[in-house]
Amino acid sequence: MTPFPAPLTDRYRRFKHRHFEPNIEQYEELATYGQAPEVMIVSCCDSRVDPETIFSAMPGELFVMRNVANLIPPYETGGTYHGVSAAIEFAVLNLRIKHLVIMGHSGCGGVKAALDRETARETEGQFITKWMSMLETARLKVLASHQGSSRNDMVAELEREGIKTSLQNLRTFPFLNALESKGRITLHGAYFDIATGQLSALNESTGLFYAL
Ligand SMILES: [Zn+2]
C-alpha cells in the first residue's frame, strides 16, 4: 500500500481538530439540509489564489470552480465532456446562485502561456495551448494596444481582458442570459494582486477595475 502523504495527513488532522470539531453543528446542518450558496466563484487553479481564503468563507458559502486561468468557454452543446458548463448549469439552475464572480489574478501562468505561447511545457495533446486559445481575440487586442509596453504589463492587461472574455462567454449561455435580464443573477469580474493582497472589482460600464 502506498502511504498517504504524511504532510497532508498532519494538515487534515489539524483541520479536524481546530476547524471541524468547533464547527460541527454547522457541518451537521449542511449535511442534513444540503448546500445553498448564493455565490459562485470561478478562479484559477493557481495555488496562491484560493477563493475561500480571500473571501473568508465557511463551508457551504461559496460554490467554487477552478481551472487554468479562470476561463469560461463559449456556450456549445457539441463535443463530449463539458466540465465548466456542467458546473455553471448546476450552480445557476439548481442552486440558483445570485452572484457569479470571475476572479483573475496577477502572475497567471496560463495567461503568460497565452501571450507568448512558449512558457508552458505540454504533451502532444497541447491542452494548455488549446485551452488558452480562448484568449486569442483578447491577446491580439492587448498586443495592438500595448505596443512598446513591457511584457509584464501586457500579461497584466491580458489577465484583466481574460476576465472580460469570460464574462462575455458566460452571456452566451441562454439560461444564464435569461436570468440576468430578469435581474435574478448578477455577473462580476474581480482581480486579485498576489503581492499586495489587493482585490479589485470590474466596472463593466468603464471597463476599469476599482480597488475594494
Ligand atoms: Zn492563473
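Residues numbered from 1 in each chain as written. Predicted model: local features only at pLDDT ≥ 70, side-chain atom pairs only at ≥ 80, totals over all residues. Heavy atoms only, no water.

> Just to check I follow, could you spell out the overall build of the protein for this structure?
A count of helical and extended segments in the protein gives nine helices and six strands. Over its C-alpha trace the protein gives a radius of gyration of 19 Å, about what one expects of a compact globule, namely 17 Å for 212 residues. Taken over the C-alpha atoms alone, the protein extends approximately 55 × 45 × 40 Å along its principal axes. Here the protein holds 212 residues, and 36% of them are scored as buried. Of all intrachain contacts in the protein linking residues separated by at least 6 positions in sequence, the fraction that spans at least 24 positions is 64%. Summed over its atoms, the accessible surface of the protein is roughly 12700 Å², and 54% of this surface lies on carbon and sulfur atoms. With 21 positive and 24 negative side-chain charges, the protein shows a spacing of 1 Å between the two charge centroids. (Helix = DSSP H or I, 4+ residues; strand = E, 2+ residues; numbered from the N terminus. Rg over C-alpha atoms; globule rule 2.2 N^0.38 Å. Buried < 20%, exposed > 50% of the residue type's maximum accessible area, 1.4 Å probe, protein only. Contact = heavy atoms within 4.5 Å. Areas by Shrake-Rupley, 256 points an atom, 1.4 Å probe, with all protein chains shown as cover. Lys, Arg positive; Asp, Glu negative; His and termini not counted. Charge placed at Lys NZ, Arg CZ, Asp CG, Glu CD.)

> Any chance you could explain the coordination of the zinc ion here in plain terms?
By definition of the ideal shapes, a tetrahedral metal site with four donors has angles of 109.5 degrees and an octahedral site with six donors has angles of 90 or 180 degrees. Taken together, Cys 44 (SG), His 105 (NE2) and Cys 108 (SG) make up the full set of protein donors to the zinc ion, lying 2.0 to 2.3 Å away. Look at where the donors of the zinc ion fall in the sequence and you get C-x60-H-x2-C. Of this pair, Cys 44 sits in strand β1 (residues 39–44) while His 105 sits in strand β3 (residues 99–105), and the two are 61 residues apart along the sequence. Neither Cys 44 nor His 105 differs from the other in exposure class; each is buried. (Donors = N, O, S within 2.8 Å, 3.2 Å for Na, K, Ca; no water.)

> Whenever I open this one, the sheet that holds strand β4 (residues 186–192) confuses me. Can you help?
Strand-to-strand pairing in sheets goes through backbone hydrogen bonds, with the strands running parallel or antiparallel. One open sheet holds the six strands; their spatial order is β2-β1-β3-β4-β5-β6, and the pairing between them is mixed. This sheet does not close on itself; its edge strands, each paired only once, are β2 (62–67) and β6 (208–211). Taking the axes of each pair of neighbouring strands and ignoring which way they run, one obtains an average angle of 30 degrees across the sheet. Pairing geometry for β1 and β3, over five bridges, is parallel. For Ser 43, the partnering residue across the bridge sits in β3 and is Met 103. Here helix α8 (residues 151–170) sits on the sheet and contacts β3, β4, β5 (199–203) and β6; the angle it forms with β4, its principal contact strand, is near 165 degrees. (Pairing = 2+ DSSP bridges. Axes fitted to C-alpha atoms, helices over the stretch in contact; angles between N-to-C directions.)

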